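Listed below are the residues making up each chain.
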Amino acid sequence: FPSHDTLPTRTALDGFLAPQDIKAAEVIVTANLQELIDTLSASKVASLVRVGNIACDDFVNITGTFLLGGTQSNVVLSDWTDALELIETSDIQIVVPFSSDVDVHKEVLKHCTKAALAGSERNAWVGASANQSILDLKNNWVKALNNRNVALVGQSVKVTNPQGVIQTLEPKYFALICAAMQAGTPVATPLTRKRPDVVDVLSAWIANRDVTDAIKAGICALTSDNLGWRIERSVTTWIKDDNPIYSEVSANESINTSVRDLRNALDIYIGDRNLNITGSRIQGIVSVRLDQQVNDGIIKAYKNVVLENSIVTGK
């Protein structure tokens, strides 16, 4: 009875064989299906059921198909909007939509604005469709977004997967890599000249030659040197002007973090009597908090703390 390298001895066999003469022919038995059932039996999103008695030989002819039995429809734009609303007030600093659709990216832009109004400032990284020219990226993505809180990438990346195989990933994966690099470094740290773990980069433009055009177009791009690939500049899609704060991810992150931290520091005083909270006291609290932000490296400096009285009237 010949051995087979895919036959786990601890599981049932995949199919049922009629009696055979093992002296006259090679008989191969497998348990691939059973191992799949055993592995995924703890899944919270899928239930596996063995259907009928399938002969081993029939597995050779099985082709890929979609899973059946689910109740959810295909994802539409409103699903993205609904999902983003659920995290609007959550303590989240960076968002990456796993989509190349610019309409989805527009929803993320709106989400960042709404989250800021809710007191949870954040930024987003988005990846365009693969193989887009710099001009197409600018016309179809950057101009549609044009926001300090959204950064765009347009290059595909080659990486080594956990199995040691090099595979090519779409720009949305590169966006995820950039977000992870931002999350893994202190606030206000530029990703400029930081090196993601990529083997190669693919794009519709020549990386080193055209990088200046990419940056001017509001695209965060990778270039290479003798040490490998690196982020040339972590720019945002802000192209209204050359504002150095709004056009750089790290500087914008500095603003968002400063505002969030300052709001949290003042939130405990909301509802106190005016006699207890004077203008000079609030100004002192703000100054102390901003001084701490400078010490922590969140902001570089500040000046001209100005208070404004707001009078709320109603019936």
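About the criteria used
Throughout this description, residue numbers start from 1 for each chain and increase along the sequence as written. Reporting in this predicted model follows two pLDDT cut-offs: at least 70 for local features of residues, and 80 or more for side-chain atom pairs to be given and counted; totals over whole chains, interfaces and linings ignore these cut-offs and use all residues. No hydrogens and no water enter the side-chain calculation; it runs on all heavy atoms of the structure. Strand pairing is defined by DSSP finding a minimum of two bridges between the two strands. Under the DSSP-based scheme used, a helix requires at least four consecutive residues in state H or I and a strand at least two consecutive residues in state E, with every element numbered from the N terminus. Geometry is summarised by axes, namely lines fitted to C-alpha atoms with helices restricted to the contacting stretch, and by angles between N-to-C directions that run from 0 to 180 degrees. Oblique is the label for any angle not under 35 degrees, not over 145, and not in the 65 to 115 range, which are roughly parallel, roughly antiparallel and roughly perpendicular in turn. By convention, the crossing between two helices is left-handed when the near helix turns anticlockwise from the far helix through less than a right angle, and right-handed when the turn is clockwise. Contact between two residues is taken to exist if any of their heavy atoms lie within 4.5 Å; hydrogens are not considered. Under the scheme applied here, ten amino acids are nonpolar (Ala, Val, Leu, Ile, Met, Phe, Trp, Tyr, Cys and Pro), four are charged (Asp, Glu, Lys and Arg), and all others, including Gly, are polar. Pairing of aromatic side chains requires ring centres within 6.5 Å, counting the rings of Phe and Tyr and the six-membered ring of Trp. Pairs whose planes differ by under 30 degrees are stacked, by over 60 edge-to-face, and all others tilted. Buried residues are those whose accessible area, probed at 1.4 Å on protein chains only, stays under 20% of the maximum for their type, while exposed residues exceed 50% and partly exposed ones sit between those limits. Charge-over-ring contacts are defined here by two conditions on Lys NZ or Arg CZ: a distance within 6 Å of the ring centre and an angle within 35 degrees of the ring normal.

Let us look at the sheet that holds strand E4 (residues 156–160). An order of E5-E4-E6 is seen for the three strands of this open sheet, with the pairing classed as antiparallel. Of all the strands in the sheet, the pair left with one neighbour each is strand E5 (166–169) and strand E6 (200–202). Looking at each pair of strands side by side, their axes are set apart by 25° on average, direction ignored. As defined by bridge partners, E4 adjoins E5 across four bridges and the pair is classed as antiparallel. Among the inter-strand pairings, Val159 is bridged to a residue of E5, identified as Gln167.

Put simply, helix H3 (residues 102–117) and helix H4 (residues 134–145) touch, their axes get as near as 10 Å, and they point 15° apart. Judged on the interaxial angle alone, H4 and H3 are roughly parallel. The way H3 lies across H4 gives a crossing that is right-handed. Contacts from Val102, His105, Lys106 and Leu109 in H3 reach Asn140, Trp141, Ala144 and Leu145 in H4. Residue composition of the contact of H3 with H4, by class: five nonpolar, two polar and one charged.

Okay, the packing of aromatic side chains next. The full count for this structure, using the stated rule, is two aromatic pairs. For the ring pair Phe98 and Tyr173, a centre distance of 4.9 Å and an interplane angle of 85° mean the geometry is edge-to-face. In this pair, Phe98 sits in the loop between strand E1 (94–95) and H3 while Tyr173 sits in helix H5 (residues 171–183), placing the two residues 75 residues apart along the sequence. On the basis of relative accessible area, Phe98 is assigned to the partly exposed category, the value being 40%. Classification of Tyr173 as partly exposed rests on a relative accessible area of 31%. On the basis of an interplanar angle of 70° and a centroid distance of 4.7 Å, the ring pair of Trp238 and Tyr246 is categorised as edge-to-face. Above the plane of the ring of Phe98 lies Lys172, whose end atom (NZ or CZ) is 4.6 Å from the centre.

Below, the discussion takes up unusual backbone geometry. Despite not being glycine, Asn131 shows a phi value in the positive range, around 60°. Among the structural elements, Asn131 can be located in the loop between strand E2 (123–127) and H4. In the Ramachandran plot, Asn146 falls in the positive-phi region, its phi being about 45° despite a non-glycine side chain. Here Asn146 is to be found in the loop between H4 and strand E3 (150–153). For Asn146, a relative accessible area of 17% puts it in the buried group.

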